Amino acid sequence: MALPPGDEDIDYNGFRLEIRRFGSGWRVLIYDLESFVSFEKIPNTRQYGERNKVIAEAKALVDHHRASQ
């Protein structure tokens, strides 16, 4: 899939994390690799410098989801 500049997809533990610009900051949509429906909770920030923080939050949500299965 072609992404706009500055956007990125990361495969993490069987999930796809879609990092997207969100106003002046970032958000991360989380998808099971076999689904087109994202997690209900969407980590986000309005601060440009907190990109890695929201990616870490998304990874923690995936880890929690996998541990609860």
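Just so it is clear, the model here is predicted, and its values are computed rather than measured.

Conventions and cut-offs
Residues numbered from 1 in each chain as written. Predicted model: local features only at pLDDT ≥ 70, side-chain atom pairs only at ≥ 80, totals over all residues. Heavy atoms only, no water. Buried < 20%, exposed > 50% of the residue type's maximum accessible area, 1.4 Å probe, protein only. Helix = DSSP H or I, 4+ residues; strand = E, 2+ residues; numbered from the N terminus. Pairing = 2+ DSSP bridges. Core = buried A, V, L, I, M, F, W, Y, C linked by side-chain atoms within 4.5 Å. Contact = heavy atoms within 4.5 Å. Polar contact = N/O pair within 3.5 Å; in protein donor to acceptor, adjacent residues only side chain to side chain.

Turning our attention to the pairing of strand S3 (residues 25-32). Of all eight residues in S3, six are buried; the element is thus mostly enclosed. Sheet topology note: the strand S2 (residues 15-22)/S3 ladder contains eight bridges and is antiparallel. Following the sheet pairing, Arg20 is matched in S3 by Arg27. In sequence, S2 turns back onto S3 through a hairpin of two residues, with Gly23 there showing a positive phi of about 60 degrees. Pairing between S3 and strand S4 (residues 44-45): two bridges, direction antiparallel. Bridge pairing links Trp26 to Thr45 in S4.

Once that is clear, we can look at the pairing of strand S1 (residues 8-12). Of the strand pairs in this sheet, S1 and S2 are connected by five bridges, and their pairing is antiparallel. For Ile10, the partnering residue across the bridge sits in S2 and is Leu17. Linking S1 back to S2 in an antiparallel pair, the connection comprises two residues, with Asn13 at a positive phi of about 50 degrees.

Attention now goes to unusual backbone geometry. Residues other than glycine seldom take positive phi values, yet Asn13 does so here, at roughly 50 degrees. Take Asn13: it is sitting in the loop between S1 and S2. Taking relative accessible area as the criterion, Asn13 reaches 42% and is therefore assigned partly exposed.

Another point: the nonpolar core. In this structure, Ile10, Phe15, Leu17, Ile19, Trp26, Val28, Ile30, Phe39, Val54, Ile55, Ala58 and Val62 together form the largest nonpolar core, which totals twelve residues. The leading source of residues in this core is helix H1 (residues 51-67), at four residues. The contacts of Val54, once residues within four sequence positions are left out, are Trp26, Val28, Pro43, Asn44 and Thr45.

On to the side chain of Thr45. For Thr45, the location among the structural elements is in strand S4. Using a relative accessible area of 7% as the deciding quantity, one classes Thr45 as buried. Only 2.5 Å separates the side chain of Thr45 from the side chain of Glu50, close enough to count as a polar contact. Setting aside residues no more than four positions away along its own chain, Thr45 makes contact with Phe22, Gly25, Trp26, Glu50 and Val54.

By themselves, these are just geometric observations and shouldn't be taken as functional.
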